[in-house]
Amino acid sequence: MPPRPCRPLALLAASLLALAFAPHESVAAERPSLVNTRIRTPFNANGHSSTIDGRVFIGNIREDHATTTTTWHARVFRPEAVTYDAQGRPSFSGVFSSGRTVDVRNGENALAFCFTNPAQPYTLSGGTAVYQPYLFDSQMYGGPPNRFRRRPVDLRVSLPFTAQADISSFTTGNLEFLTTVTGGELRGIEPTMTSDGRLLIYQGGPSNNGVIDHLMYSYNPTPCAASGWSNPRPLSMMVNDPNPGVKRYPLAWQPLKSALGEPFGTTTTGALIRGAYVWVDHEGRNVLYTAVVYTDGARREAVSLVGADTNWTAYHVDGSINTDRSDIAHLFYSGPMWNFEQERSPAQNFPPGASNEAKYLPVTKTHDVLALFGSNTSDYNEIDVGDLTHPFHVLFLPMNELVTRAGAYDLTRTPDLAGRFYTGTLTGTAQISPGNAVTQPASGSPWEPQGKGKALVLPGGGALTVNLTDANSTVPGVGAFARGFTVQLAIKPDANINTGCTGNPYRYLLAKSGGLDLIYEADNTVQMSFVLNGQRVRMGRSPALPVGAWSHVAYTWDGVTGQFNEYLNGVSTGRALPVVTGSFRLGTGALSIGAGNVMNTQACPATGEGSFRGAIDEVRFFSHARSNRSVCMTTHGADCKDAAIQGTPSAGQFGMSQQQPTCNGYAALGTQACASSMHRVCAQRGAHDALATSTNVYETIQQLIGNRPPISLMGVPAAATATDVSVACAPIQHQSLAVTFEELARKHAGCADDRVAQSLDCGAAVHRWCNSLGWTTGLLFEVTTRPWVGCFNSGLIQDVPKDQLGPASNAGSFTSADGRLEVSRWCQARGYGAGVIQELGAGTFANVHCFQPAMTVPWKFTP
């Protein structure tokens, strides 16, 4: 691992960290990225399901076809028993209890828990945790097959919430078959349910006759009911379901698409989603399923995800969960969602008040990681969902094989995860690796630079080409100009890439005529060039990269200041680079990866212009200058976090539209886009100011470089013109947490989902949530796969008649740009820097909270 360059802020942080810990304390272990690391577990079963709190697993461990008997095994998952090795990887050797078994009749191999009250999955009785959900499965024998049914179960856990917890009793009740609103049966297999017990998703068929191989759903307004289920429909028809109950699930908000952008069918005769072994997350945002037929003829390969957090596009997961192309039948996976997250507030936990600080899942430290347990595969994997949606993505090539809409591998192409559908096509000798071994470091350590999942393998004389199209010249960075740009990729030069070569055998890693090129030089350095203002601007040679090993290379350019940055494994190289202001675009046409626009197949291209030999992975373009921290967090295997505190970010990064593109003017100040943008400028600026002004060094440093999230300051508009906004950042002493809309809706029913994140309903819900944690004031400052809430204390809290705030507030436009600024002006007149409305009282009063900001800084909407 190369040494980290020291910057003034990083040095200050390191010095303060040393002072912050008393002699008897030790620094917590770092959290590695595990998205490329498959971990074995002792949990083994066929079909399985886990409870809402993630603490009880039931799996099918035996089937006797002669007696139509199935054995279900219930085991306690004990996070208290998780251990971590020296590199931060979890071990599950003692985590699953021995458990108890029950024999049931006529059932197939899959089952799903259903809780009528997800807020209380268990009760405590005499020191025992009592779970009384329903279990849904389908009939295999003794009548028409594949008929869904339910039965109550009683599961009792002794010594709950300890490393010794186990199942003390496991009993089941009477069966009832499920029926629809028209009295018909529900026919299918492999059920899975949202945590509210209302949405059932399964493998079945549009004729509802027991035929399978398609993803289907049914909805019931009564949780876990035996009757009243909607007539089953293909999953891709959720988008046109007229039932408002269905519309509340994010899966239903947009049409579902294939990896090529083709829509899945919205009629029963269309191109429906072919899949098996489905699992739906708790809030109905995404479904996980297997998409491709395995060697045994069943659909048991290519674990995939589709839903709101994949841009409603089928994503064949590139990472540890799909190790080799057909190495093993992947069947059932499920996850505990966020219940074991380290950052989760004890108030959110089961049992209430428990801390996940020392025992946590997932391990990968980014915003949105799914922790998934496989039963047939006896494994644990993590999927970074947040990696898939980014407002500035231009291109994201994961370099794994493509899965077609019909559910088959296409080994000649790789998808574009940026949502532009700039699909990459292999040419010449290029291939997608059949397994993940090529992206792993030789040591197997999660702390060495590595690729992710599959990779593009280039033995020489091959490339991957992308046809960039933009008919209306509206895609920033392609046909439309952008005021910033970022290029990221991982490369692994062949160990003998230039052995025996003479002359200057330079080779292309990237080539786009009139746009950019990245050259692998004969001395194992790389050199990036951009075409700016009609001239090719060269960066000069990077430090030398190792051969036969992975390196992450990234270049950012801020067109406002003209500043370039070069990062190697997530850390700035500190080289002096050119300064060029202006705008940039790639232009349309062919982008070549791994070779020039004209293929050169020579093993030793004596006069250059050659093709690369080795592997390339995770090629990503962004239409803005990413921060050092953002680059670091997407650099797999690199230990770069403490060096990625950007003490002096370039000015263009602080334009509001450079943080979120639709925060581009005064009218947008009331939107979620501007709430996110204000948070991001405050969080990045806050890192510098926090160290300069903190009165609690330990907490500040822990937030900056520890295992907790970084400084997550919220922002409020303090003043604005048509071109600029002054952002008041919340106090440094605060708490920021991810919650779910399900949790917020318990505080205020109107705060139901992303679409109302900046409404007064969510304002009230967040206020009450923060109050329950001991803070006076709360803001919903970000929405990723879930809402992020910041809590802090205000100096003045007062119910104010709305006509005293201003005309917008008096008209009820509290969340508009004018309304938000009226509140801040009211607070400023009373000696405070800014303010927010938390609740409405009696229709005419606004509950105003005024606070003194950590800092107030003006920024342009569009730099």
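Here, the structure is the one placed above.
Read on for a plain summary of the structure.

Another aspect to go through is the overall build of the chain. Helices and strands together make up the secondary structure of the chain, namely 10 helices and 53 strands. A compact globule built from 863 residues should have a C-alpha radius of gyration of about 29 Å, and the chain, at 27 Å, falls within 12% of that. On the principal axes, the C-alpha backbone points of the chain span a range of 75 × 75 × 60 Å. In the chain, 64% of the contacts between residues at least 6 apart in sequence involve partners at least 24 apart.

What follows covers empty space enclosed by the protein. The final tally for this structure, using the stated rule, is 12 cavities of 30 Å³ or more. For the largest cavity, the calculated volume is near 360 Å³. Around the largest cavity sit 26 residues that line it, and Gln758, Leu779, Arg820, Val836 and Ile837 are the ones nearest its centre. By residue class, the composition of the lining of the largest cavity is 17 nonpolar, 8 polar and 1 charged.

Now for the packing of aromatic side chains. Two aromatic rings are characterised by how far apart their centres lie and by the angle between their planes. Considering all chains together, one arrives at 31 aromatic pairs under this definition. Where phenylalanine 57 meets phenylalanine 373, the ring centres are 5.6 Å apart and the plane angle is 85°; that geometry is what we call edge-to-face. Here phenylalanine 57, found in strand S3 (residues 56-64), pairs with phenylalanine 373, found in strand S24 (residues 369-374); they are 316 residues apart in sequence, far enough to count as distant. A single burial state applies to phenylalanine 57 and to phenylalanine 373, both of which are buried. With a centroid separation of 6.2 Å and an interplanar angle of 35°, the aromatic rings of tryptophan 557 and phenylalanine 564 are classed as tilted. An identical accessibility class is assigned to tryptophan 557 and phenylalanine 564; each is buried. Members of the aromatic cluster, each reached through a chain of ring pairs, are Phe43, Phe57, Phe77, Phe92, Phe96, Phe340, Phe373 and Tyr380. One Lys or Arg, arginine 626, reaches over the ring of phenylalanine 622 and ends 4.1 Å from the middle of that ring. The ring of tryptophan 338 carries the charged tip of arginine 786 above its face, separated from the ring centre by 3.7 Å.

Another aspect to go through is the layout of surface pockets. Considering only enclosed or pocket space, the second largest pocket measures out at about 590 Å³ in volume. For the second largest pocket, the lining is made up of 34 residues, of which Arg344, Gln348, Phe350, Glu743 and Arg746 are closest to its centre. Of all elements in the fold, only helix H6 (741-745) and helix H7 (760-772) reach the threshold of two or more residues within the lining of the second largest pocket. A breakdown of the residues in the lining of the second largest pocket according to their chemical character gives 15 nonpolar, 10 polar and 9 charged.

Two orientations exist for strands paired in a sheet by backbone hydrogen bonds: parallel and antiparallel. The strand order across the open sheet built from 3 strands is S45-S46-S53, with neighbouring strands paired in antiparallel fashion. Each edge of the sheet is formed by a strand with only one pairing partner; in this case those strands are strand S45 (715-720) and strand S53 (855-860). Between one strand axis and the next, the sheet turns by 30° as a mean value, whatever way the strands run. Relative to S53, strand S46 (residues 724-729) runs antiparallel, the two sharing 6 bridges. Bridging from a neighbouring strand, alanine 728 pairs with threonine 856 of S53.

With the rule as written, the count across this model stands at 38 salt bridges. Here glutamate 185 ties to arginine 187 by a salt bridge, and the two come within 3.7 Å at their closest N and O atoms. Note on glutamate 185: relative accessible area 32%, which makes it partly exposed. Relative accessible area serves as the criterion here: at 12%, arginine 187 is assigned to the buried category. For arginine 300, the salt bridge identified is with aspartate 296, shortest N-O distance 2.7 Å. The exposure class assigned to aspartate 296 is partly exposed, which follows from its relative accessible area of 43%. Residues participating in the shared-partner salt-bridge network are Glu521, Asp523, Arg538 and Arg541.

Looking now at the nonpolar core. Grouped together as the largest cluster of nonpolar side chains are 47 residues, with contacts concentrated most on Leu456, Phe485, Phe530, Ile593, Ile616 and Phe621. With sequence-adjacent residues up to four places away left out, isoleucine 593 is seen in contact with Leu397, Met399, Leu456, Ala463, Leu464, Val466, Leu509, Leu510, Ile616 and Val619. Within the second largest apolar cluster, 26 residues are counted, among which are Leu215, Leu235, Leu256 and Ile273.

Our next topic: the state of the cysteines. Evaluated as defined, the whole model comprises 8 disulfides. In this model, cysteine 751 is linked to cysteine 762 through a disulfide, with the two sulfur atoms separated by 2.1 Å. Judged by the sign of its S-S torsion, about 95°, the cystine formed by cysteine 751 and cysteine 762 is right-handed. With cysteine 751 in the loop between H6 and H7 and cysteine 762 in helix H7, the pair connects residues that are 11 residues apart, well separated along the chain. On the basis of relative accessibility, which here comes to 0%, the residue cysteine 751 falls in the buried class.

Let us look at the environment of valine 363. Considering the arrangement of structural elements, one finds valine 363 in the loop between strand S23 (333-334) and S24. Judged by relative accessible area, valine 363 falls into the buried class, the value being 0%. Measuring from C-alpha to C-alpha, the distance between valine 363 and phenylalanine 177 comes to 40 Å, with 186 residues separating the pair along the chain. Not counting residues up to four positions away in its chain, the partners in contact with valine 363 are Arg31, Pro32, Leu34, Tyr84, Gly88, Pro90, Tyr380 and Glu382.

Let's shift gears to the side chain of glutamate 521. Take glutamate 521: it is sitting in the loop between strand S36 (516-520) and strand S37 (526-532). Residue class for glutamate 521 comes out buried when judged on its relative accessible area of 3%. If near-sequence neighbours (up to four positions away) are discounted, glutamate 521 is found in contact with Asn498, Asn504, Tyr506, Gln527, Arg538 and Arg541.

The subject of this paragraph is helix H10 (residues 817-828). Compared with the 16 Å implied by 1.5 Å per residue over 12 residues, the 17 Å span of H10 between its first and last C-alpha is a close match. Of the surrounding elements, those touching the buried residues of H10 are S45, strand S50 (796-801), helix H8 (802-805), helix H9 (807-810), strand S51 (834-841) and strand S52 (845-851).

This brings us to the sheet that holds S24. In space, the 4 strands of this open sheet follow the order S1-S25-S24-S23, with antiparallel pairing throughout. Two strands bound the open sheet, and with one partner strand each, they are strand S1 (39-40) and S23. Where S23 and S24 come together, 2 bridges link them in antiparallel fashion. Its bridge partner being in S24, serine 334 is matched across the sheet by phenylalanine 373.

Reading the values: the criteria
- All chains use their own residue numbering, which begins from 1 and follows the written sequence.
- At least 70 in pLDDT is required for a residue's local features to be given in this predicted model, at least 80 for side-chain atom pairs to be given and counted, and no such filter applies to totals for whole chains, interfaces and linings, which use all residues.
- Hydrogens are left out, water is left out, and the side-chain values use all remaining heavy atoms of the structure.
- Put simply, DSSP H or I for four residues or longer makes a helix, DSSP E for two residues or longer makes a strand, and each gets a number counted from the N terminus.
- Here the radius of gyration uses the C-alpha set of atoms, whereas the globule reference equals 2.2 Å times the residue count to the power 0.38.
- It only takes one pair of heavy atoms within 4.5 Å for two residues to be counted as in contact.
- Method remark: on a 1 Å grid restricted to protein atoms, a set of points is classed as a cavity if a 1.4 Å probe fits but cannot get out and as a pocket if it is open with protein on both sides within 12 Å along at least five of seven lines; lining residues have an atom within 4 Å of a point.
- Grid points are joined across faces, edges and corners, and a volume is the space filled by probe spheres set on the points.
- Asp, Glu, Lys and Arg are counted as charged, while Ala, Val, Leu, Ile, Met, Phe, Trp, Tyr, Cys and Pro are counted as nonpolar; the rest, among them Gly, fall into the polar class.
- Stacked, tilted and edge-to-face pairs are distinguished by plane angle, under 30 degrees for stacked and over 60 for edge-to-face with tilted covering the rest, among Phe, Tyr and Trp rings (Trp via its six-membered ring) whose centres lie within 6.5 Å.
- Burial status follows relative accessibility: with a 1.4 Å probe on protein chains alone, a residue under 20% of its type maximum counts as buried, one over 50% as exposed, and anything between as partly exposed.
- A ring has a charge above it when a Lys NZ or an Arg CZ is no more than 6 Å from the ring centre and no more than 35 degrees off the ring normal.
- For two strands to be treated as a pair, DSSP must find at least two bridges joining them.
- Here an axis means a line fitted to C-alpha atoms, over the contact stretch when the element is a helix, while the angle between two N-to-C directions is reported on a 0 to 180 degree scale.
- For this document, the term salt bridge refers to a Lys or Arg side-chain nitrogen within 4 Å of an Asp or Glu carboxyl oxygen.
- The set of buried Ala, Val, Leu, Ile, Met, Phe, Trp, Tyr and Cys residues whose side-chain atoms join them within 4.5 Å is what this entry labels a nonpolar core.
- The disulfide criterion used throughout: a pair of cysteine sulfur atoms within 2.5 Å.
- Expected span of a helix, by definition, is 1.5 Å for each gap between consecutive residues, and there is one gap fewer than residues.

Coordinates in, geometry out; function isn't part of it.
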